[in-house]
Amino acid sequence: MVMQPSKTAANRTPVIVITGDGALEETVHAAFDPAARVDLRLIAGSVGGNEDVDVTDASMVVIDVDAGDATEMIALHRLMARIGDWPPVVVVTNSFDREVARQLLLMRVADFLVKPVQPGELVRACARVAQASNGTGSSEAEFFTYLPAVGGAGVTTLAIQTALLLNNSGKKTQPATCLVDLDFQHGACAYYLDLEPRLDLGEVEPRPERLDRQLLEVMTTYHASGLAVIAAPSRPAEMRTFDPDLVTRLLDLVSSHFDYVVIDMPRTWFPWTDNVLLGSNHLFVVSEMTVPSLKHAKQLVYAIRERLGDGLRPQVIVNRFEQTLFGAGLRRSDVEQALGEHFAAEIPNDYRLVREAIDRGVPLDDVKAGNKITLQLKKLIAPSAPPDKSGESAGSPLRKKLGFSWARA
């Protein structure tokens, strides 16, 4: 029988941290000290020297372990065997490989992180564990999906900036936003943010059922802003497709651990594309302000609705929008006439700003606060409040949310 979480005075949650690492100790203080409801108890030293520690009154235990030290792993195993089902344990290791993952899973640790650990990353892990242990885990996330009408339309830039804006609007004590790059051939989300793409498709492709929360965490990279990024190394010379179950399981897991998910889609239509589009709350087709691009965008919108039904309402974003007062070329009225009700917004062109943000791997606002691109994106996603846990999307009151489990059926 699982014991219920214990509480100290004034509804403070007792958390025990065992570590002999000064850097991790600083991370723990940065993560928990501002949280008035956390009663933090730091125990100095290795797990080997503290395997008899009394954790009876704790609601969670964080343990620092040297995964390369057999003695410490044995001590952790004994401690986990003594603890049993309560309290949940989050392990922080200095290294990670398949064997370490296997051992930790066998020990039934609630979650694990690999150093260096950021304060926000530690808070998110503990929040996930607390939600799962209390049976209060959040429902599926709200999905924002970006689909290119033509190559080079700027989908990746818009997806990244949307994810960063949503991440800043999320709750700081639990997972906020995850950016998922599904362009496995030419994906660049991680590179734009100067991150290492960690999604190992070769590891999970043969057996999609092996992809669980712990393995997903290992394959997730975190930006300095706290944004989670799931991306695989690009393979430009390989035209690969995958079992739809792999992509569906990936997004099922992501949807249960984040408030918002932003997806960067490839232009090519794969067997799993239908499921992704059906599971999206907000579907944006990205076009440039050229006649061919607008035609492609309109054709793509009609193809989506014909293929997936009228319940799915894709909206077109015209990126790199420019219009001179007396110059020739397309005007906004031409765009409105061409796209009709499907026209959602235009994003102004600022090549220098976008180029600098990409080269530095930072949000546009870090380069120029209050820039027109960010302001326009905020207007576009502003109607979306945090997901309604009753299952209805606040951003689309008439559109019932379709989860990925439903789409797979």
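Higher on the page you've got the structure.
Cut-offs used in this document
Residues numbered from 1 in each chain as written. Predicted model: local features only at pLDDT ≥ 70, side-chain atom pairs only at ≥ 80, totals over all residues. Heavy atoms only, no water. Salt bridge = Lys/Arg side-chain N within 4 Å of Asp/Glu carboxyl O. Helix = DSSP H or I, 4+ residues; strand = E, 2+ residues; numbered from the N terminus. Buried < 20%, exposed > 50% of the residue type's maximum accessible area, 1.4 Å probe, protein only. Arc of directions from axis to C-beta. Contact = heavy atoms within 4.5 Å. Core = buried A, V, L, I, M, F, W, Y, C linked by side-chain atoms within 4.5 Å.

Caption draft 1: How the structure looks around the pattern of salt bridges. One pass over the full model with this rule turns up nine salt bridges. Between arginine 360 and glutamate 356 there is a salt bridge, with its nearest N and O atoms 3.0 Å apart. A residue pair is termed a helical-turn pair when its members lie 3 or 4 positions apart in one helix, as arginine 360 and glutamate 356 do in helix 13 (residues 351–360) at four residues. The exposure class assigned to glutamate 356 is partly exposed, which follows from its relative accessible area of 35%.

Caption draft 2: Highlighting helix 13. When helix 13 is considered as a whole, its buried residues turn out to be Leu353, Val354 and Ala357. Buried positions in helix 13, seen along its axis, are confined to an arc of 95 degrees and lie on one side of it. Projecting away from the buried face of helix 13 at angles above 90 degrees are the exposed residues Tyr351, Arg352 and Asp359. As for helix 13, its buried residues are in contact with helix 5 (155–169), helix 6 (189–192), helix 14 (364–367) and helix 15 (372–381). Looking at the residues trailing helix 13, positive phi occurs at glycine 361, about 65 degrees.

Caption draft 3: Layout of unusual backbone geometry. Cis rather than trans, the peptide bond between lysine 115 and proline 116 has omega equal to 0 degrees. Phi at aspartate 194 is positive, roughly 60 degrees, even though this residue is not glycine. In this structure, aspartate 194 sits in the loop between helix 6 and helix 7 (201–204). A positive phi angle is found at arginine 320, which is not glycine, with a value near 55 degrees. Among the structural elements, arginine 320 can be located in strand 12 (residues 315–321). With relative accessibility at 35%, the residue arginine 320 sits in the partly exposed group.

Caption draft 4: Spotlight on the nonpolar core. Val180, Leu182, Phe184, Leu250, Val254, Ile263 and Ile304 are the most contacted members of the largest nonpolar core, which has 51 residues in total. Beyond its immediate sequence surroundings of up to four residues, isoleucine 263 is in contact with Phe143, Phe144, Thr145, Tyr146, Val180, Leu182, Leu251 and Val276. With 35 residues, the next largest nonpolar core counts Ala153, Leu158, Leu164 and Val262 among its residues.

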